Amino acid sequence: MIKNLAIGGGSNRTMLLLALALGVLSAVLIGVYLTSVDSGTGTSPGGATISVVVASKDVPALTRITEDMVTVKTIGSDAVLPNAFQATKSVVGQVTQVPLVAGEQFVPAKVTATGEALAQFGANPPLSLIVPTGMRAFSIYVNKVGAVGGLLRAGDRVDVILSGTVKSPDGQTTTSTACYVGQAVEVLAIAQSIKVAGAQSETGALVSASTDPEATSATLAVTPDQAWWLAAAQENVSQSGVGRQLWVSLRPFGDNAQAGSVPACNLTPGS
């Protein structure tokens, strides 16, 4: 009898094999579940998922969002925040209103588009909102002659030229010369008249701008290197003028081409 209990009948052997099979299946299902959790989906196999835009790294508040700050991640639909962005192009270029940590979802309440921010200020927007990404706003001293007869408008494109004199090797004679600091530079403001942002076209922005023949400053959108060079070129600015003369040469509307035949100033810092 003991022998029969130990070995069991055919039905007992079948039950044992079935139990082993169920155990193996359970282990496999648990492994699949844990893998899905580790992969960041946050949902069990077969569950609904949605791709959303998340921060690829920590992003401080009041930061303009760039491509390297965002990525798309697939997560369980029950974990998606309301109105979460699903395409990076909808987020890049906007400005964070609160700090975000890596992996955090982007939603409209956490960012502000430049256009929306401009609308809040109406006809008197901050200059910082219209400075192009990667550029700097830099003011130069101008007069009526140096600024195309006082007819320059915010929104125009100009070439910036530095004039001066150089001495001969023996120091006995001087020669007048000039070089280009920048080409097709955008004018952001003339005195306190800022370029109209949010216009339907560049033409519309120019129509809305006005001239100021008495203006003594033009604010330009320049690269960081150009800003350094312009500061060095002007030497000093006072009520009586500047140490060196900068001129602006107005370009035809729509002409943003770079001319390679003009003499360019050396824009290497420290030179």
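A. Quick peek at the overall build of the protein chain. If you tally the helices and strands in the protein chain, you get five helices and twelve strands. Looking at the protein chain residue by residue over its 271 residues, the buried ones come to 31%. The contacts of the protein chain with a sequence gap of at least 6 include a subset with a gap of at least 24, amounting to 69%. Within the structure as shown, the protein chain displays about 16000 Å² of accessible surface, and the carbon and sulfur contribution to it stands at 58%.

B. Fine view of empty space enclosed by the protein. One pass over the full model with this rule turns up one cavity of 30 Å³ or more. In terms of lining, the largest cavity is formed by Val-142, Asn-143, Lys-144, Ala-147, Gly-150, Leu-151, Leu-152, Ile-190, Asp-212, Pro-213, Ala-215 and Ala-218. In terms of residue class, the lining of the largest cavity is built from eight nonpolar, two polar and two charged.

C. Broad picture of unusual backbone geometry. At Asn-83, a residue that is not glycine, the phi angle is positive and equals roughly 65°. Asn-83 sits in the exposed class, given a relative accessible area of 63%. One non-glycine residue, Ala-191, lies in the positive phi region at around 55°. Structurally, Ala-191 can be placed in the loop between strand 7 (174-190) and strand 8 (193-194). Here Ala-191 falls in the buried class, since its relative accessible area comes to 18%.

D. Highlighting the state of the cysteines. Taken as a whole and assessed by the stated rule, the structure comprises one disulfide. Paired through a disulfide, Cys-179 and Cys-265 show a sulfur-sulfur distance of 1.8 Å. Note on the Cys-179 and Cys-265 pair: the S-S dihedral is about 90°, so by sign convention the disulfide is right-handed. Separated by 86 residues along the polypeptide, Cys-179 in strand 7 and Cys-265 in the segment after strand 12 (245-250) bring together distant segments of the chain. Each member of the pair Cys-179 and Cys-265 is classed as buried.

E. Region of the structure containing the confidence of the model for the protein chain. Looking at the protein chain, pLDDT values average 75 and 64% of them are 70 or higher. When the criterion is pLDDT under 50, residues 1-8 qualifies, and its contacts beyond four places in sequence or with other chains add up to two contacts. Every residue in residues 37-44 is under pLDDT 50, and counting partners more than four places away or in other chains gives 13 contacts.

F. Highlighting the environment of Gln-183. One can find Gln-183 in strand 7. The spatial distance from the C-alpha of Gln-183 to the C-alpha of Ser-249 is 9.2 Å, given a sequence separation of 66 residues. Setting aside its immediate chain neighbours within four residues, Gln-183 contacts Val-158, Asp-159, Arg-251, Ala-257, Gln-258, Ala-259 and Val-262. Separated by 2.8 Å, the side chain of Gln-183 and the backbone nitrogen of Ala-259 make a polar contact.

What counts, and where the lines are drawn
Residues numbered from 1 in each chain as written. Predicted model: local features only at pLDDT ≥ 70, side-chain atom pairs only at ≥ 80, totals over all residues. Heavy atoms only, no water. Helix = DSSP H or I, 4+ residues; strand = E, 2+ residues; numbered from the N terminus. Buried < 20%, exposed > 50% of the residue type's maximum accessible area, 1.4 Å probe, protein only. Contact = heavy atoms within 4.5 Å. Areas by Shrake-Rupley, 256 points an atom, 1.4 Å probe, with all protein chains shown as cover. 1 Å grid on protein atoms, 1.4 Å probe; cavity = no way out; pocket = protein on both sides within 12 Å on 5 of 7 lines; lining within 4 Å. Points joined across faces, edges and corners; volume = space filled by probe spheres on them. Nonpolar A, V, L, I, M, F, W, Y, C, P; charged D, E, K, R; others polar. Disulfide = S-S within 2.5 Å. pLDDT = per-residue confidence, 0-100. Polar contact = N/O pair within 3.5 Å; in protein donor to acceptor, adjacent residues only side chain to side chain.

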